[in-house]
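Okay, here's what each chain looks like letter by letter:
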Amino acid sequence: MRLDHTHDAAAKSWVESANQPECAFPIQNLPFSVFRRAGTSEAFRGGVALGDYVIDLKAIAALGDLSESAAQAVLACTAPTLNAFLALGPHAWRALRHALFAWFSKGEAQAHIDELEGCLVPQANAEYALPVQIGDYTDFYTSIDHARNIVKLLRPDGSISPNFQWMPIAYHGRVSSIGLSGQPVRRPVGQRVAAGKREPELGPCARLDYELELGIFIGVGNEQGARIPVESAEAHVFGLCLLNDWSARDIQSWESAPLGPFLAKNFATTISPWIVTMDALAPFRTAWVRPEGDPQPLEYLALQETDDRAFDIQLEVAIETADARRSGRCASRVSRTSFRHQYWSIAQMVAHHTIGGCNLRPGDLLGSGTISGPTSSEAGALIELSRAGESPVELAGGETRAFLEDGDVVVMRGWCERPGFVSIGFGENCGEIIPAKWE
Ligand code: MN
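Because the structure is predicted, anything quoted here is derived from the model rather than measured. In this numbering scheme, every chain counts its residues from 1 along its sequence in written order. This being a predicted model, a pLDDT of at least 70 is required before a residue's local features are given, and a value of 80 or more before pairs of side-chain atoms are given or counted; all residues contribute to the totals for chains, interfaces and linings. Hydrogen atoms and water are omitted, and side-chain values are computed over all heavy atoms in the structure.

1. Looking at the environment of Arg 326
To keep things clear, this is the line we draw: Helix and strand labels come from DSSP, where a helix needs a run of H or I of at least four residues and a strand needs a run of E of at least two; each type is numbered from the N terminus.
Position of Arg 326 relative to the elements: it lies in helix α9 (residues 322-327). Measuring from C-alpha to C-alpha, the distance between Arg 326 and Gly 389 comes to 25 Å, with 63 residues separating the pair along the chain.

2. Concerning the coordination of the manganese ion
Test applied: Donor atoms: N, O and S within 2.8 Å of the metal, or within 3.2 Å for Na, K and Ca. Because water is excluded, sites can look incomplete. Think of it in three bands: with a 1.4 Å probe and only protein chains considered, a residue is buried below 20% of the maximum accessible area for its type, exposed above 50%, and partly exposed in between.
Protein coordination at the manganese ion: the donors are Asp 139 (OD), Glu 211 (OE), Glu 213 (OE) and Asp 245 (OD), at 2.1 to 2.3 Å from the metal. The sequence pattern describing where the donors of the manganese ion fall on their chain is D-x71-E-x1-E-x31-D. Here Asp 245 lies in the loop between β14 (237-244) and β15 (247-248) and Asp 139 lies in strand β6 (residues 137-141), a separation of 106 residues in the sequence. Residue classification places Asp 139 among the buried positions, given a relative accessible area of 2%.

3. Quick look at the nonpolar core
The line we're drawing: As used in this record, nonpolar core signifies buried Ala, Val, Leu, Ile, Met, Phe, Trp, Tyr and Cys residues forming a set joined through side-chain atoms within 4.5 Å.
Within the largest apolar cluster, 65 residues are counted, with the highest numbers of intra-cluster contacts made by Tyr 210, Leu 281 and Ile 313. The leading source of residues in this core is helix α10 (residues 346-354), at 5 residues. Within the second largest apolar cluster, 44 residues are counted, among which are Ala 11, Phe 32, Val 34 and Phe 104.

4. A look at the sheet that holds strand β3 (residues 53-56)
Basically, it comes down to this: Pairing between two strands requires that DSSP report at least two bridges joining them. Axes here mean lines fitted to C-alpha atoms, for a helix over just the part in contact, with angles spanning 0 to 180 degrees between N-to-C directions.
Taken in spatial order, the 5 strands line up as β4-β3-β2-β1-β5 in an open sheet, and their pairing is antiparallel. What marks the edges here is a single partner per strand, and that holds for β4 (120-122) and β5 (126-129). Neighbouring strand axes in the sheet, compared pairwise and without regard to direction, differ in orientation by 50° on average.

5. Topic: the pairing of strand β1 (residues 32-37)
Burial runs high along β1: 5 of the 6 residues are buried. Sheet analysis places β1 next to β5, joined by 4 bridges and oriented antiparallel. When the bridges of β5 are listed, Arg 36 appears paired with Glu 127.

6. Looking at the packing of aromatic side chains
Our working rule: Classification of ring pairs rests on two measures: the distance between centres of Phe, Tyr or Trp rings, Trp counted by its six-membered ring, which must be within 6.5 Å, and the angle between planes, read as stacked under 30 degrees, edge-to-face over 60 and tilted in between. Criterion for a charge above a ring: Lys NZ or Arg CZ within 6 Å of the ring centre, and within 35 degrees of the ring normal.
Tallied over the full model, the rule gives 11 aromatic pairs. When the centroid spacing of 5.5 Å and the interplanar angle of 50° are considered together, the rings of Phe 25 and Trp 274 count as tilted. A residue pair is termed long-range when its members are at least 10 positions apart, and Phe 25 in the segment before β1 and Trp 274 in the loop between β16 (269-271) and β17 (276-277) qualify at 249 residues. Residue Phe 25 is classed as buried on the basis of its relative accessible area, which comes to 7%. Measuring from ring centre to ring centre gives 6.5 Å for Phe 284 and Phe 421, while their planes differ by 65°; the resulting arrangement is edge-to-face. Placement of Phe 284 in the loop between α8 (278-281) and β18 (285-286) and of Phe 421 in the loop between β25 (409-416) and β26 (424-434) is noted, with a sequence separation of 137 residues between them. On the basis of relative accessibility, which here comes to 23%, the residue Phe 421 falls in the partly exposed class. Members of the aromatic cluster, joined through ring pairs, are Phe 32, Phe 85, Trp 93 and Phe 238. The lysine or arginine in question, Arg 45, covers the ring of Phe 35, its NZ or CZ lying 4.7 Å from the ring centre. Above the plane of the ring of Tyr 343 lies Arg 290, whose end atom (NZ or CZ) is 3.5 Å from the centre.

Purely geometric stuff here, so don't read any function into it on its own.
Structure below.
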């Protein structure tokens, strides 16, 4: 997918809120969610964000008057999850994008603008559900800056594991506890070993952290035993959302050897409601580079150098404490980075996931791994920012945080900007820490 008329910076919508400069959802974006009118018992169905509105795809389907592939696509979006739509593949996704762009952009004669207005629901009146029924969830570990930061903290004499530069490392995660932005996150209880002690105790996590990640939704899957080649891997990806991989660092450090994260990660993962499509992200591609002197990828992971396989997605994390809320202070931004620094690309994650014969299915979710950039203010987790708690992060109003406290709201934001193009946003991904159930 490369650029087409739907990326034209001159294009405007007759939905005026979509044309505001700060708007996350201009006509060039058109991200997908599952929604209904808040406080009703309506069935959840597919929606597309435009300005301050959700385009109700069930209402669009009822209008008819679509090309065959767009009609098939919009019909799939009337279901309470987007799995059937994701399974249709890039041709159908693009047909629907082009149809919505034609109907909601300004300029051409709007034959049935009254009918289309009837398909708009204000976002202020909408509530969301998980956009797809997620079958499997895999969390990667693909930022070399994150890996280096963690090694420095935990093993000052050590270096990153030798496999890191040869493959996108991952573990299989938990689906049942994946929730949507806005849902509270309960502090987990688990085994942890206090400083200076040799034996664990059971208790509430004392080193609760977030991980700034992107969620990658698989569209078209593969048959078991049939690998997805790296060159065509992106055609299997529908789009991206913001993802917070909540992490209990004290539980993690005790339980992780030899089999990796378990209870430290499986209590909660939070994703944002909107999936920004790969088509919408096309203008924000950038070169994927492997530094000279580093091992070059094995052939099944090798990308053509001229290919724009990295994505320049701006990301930031802010913490709003309970005290800040009471005092009317803004959330404090604690980091800001870009996804373009990631050591492994999305295409390589997909190709590697299937190289042994593993089958991916429509609606499977991959976590990108913590996204940390090269400088210290670009770290995507508190454990890095606070140097494992040694130097707490300063927040507005004189507060500090080594790790998260009850009442803290972690806010993640993502957007893309590039001269000559209209900026697009992911919206927000928020979660408030609530106290552990304990004693
Ligand atoms: Mn993670």
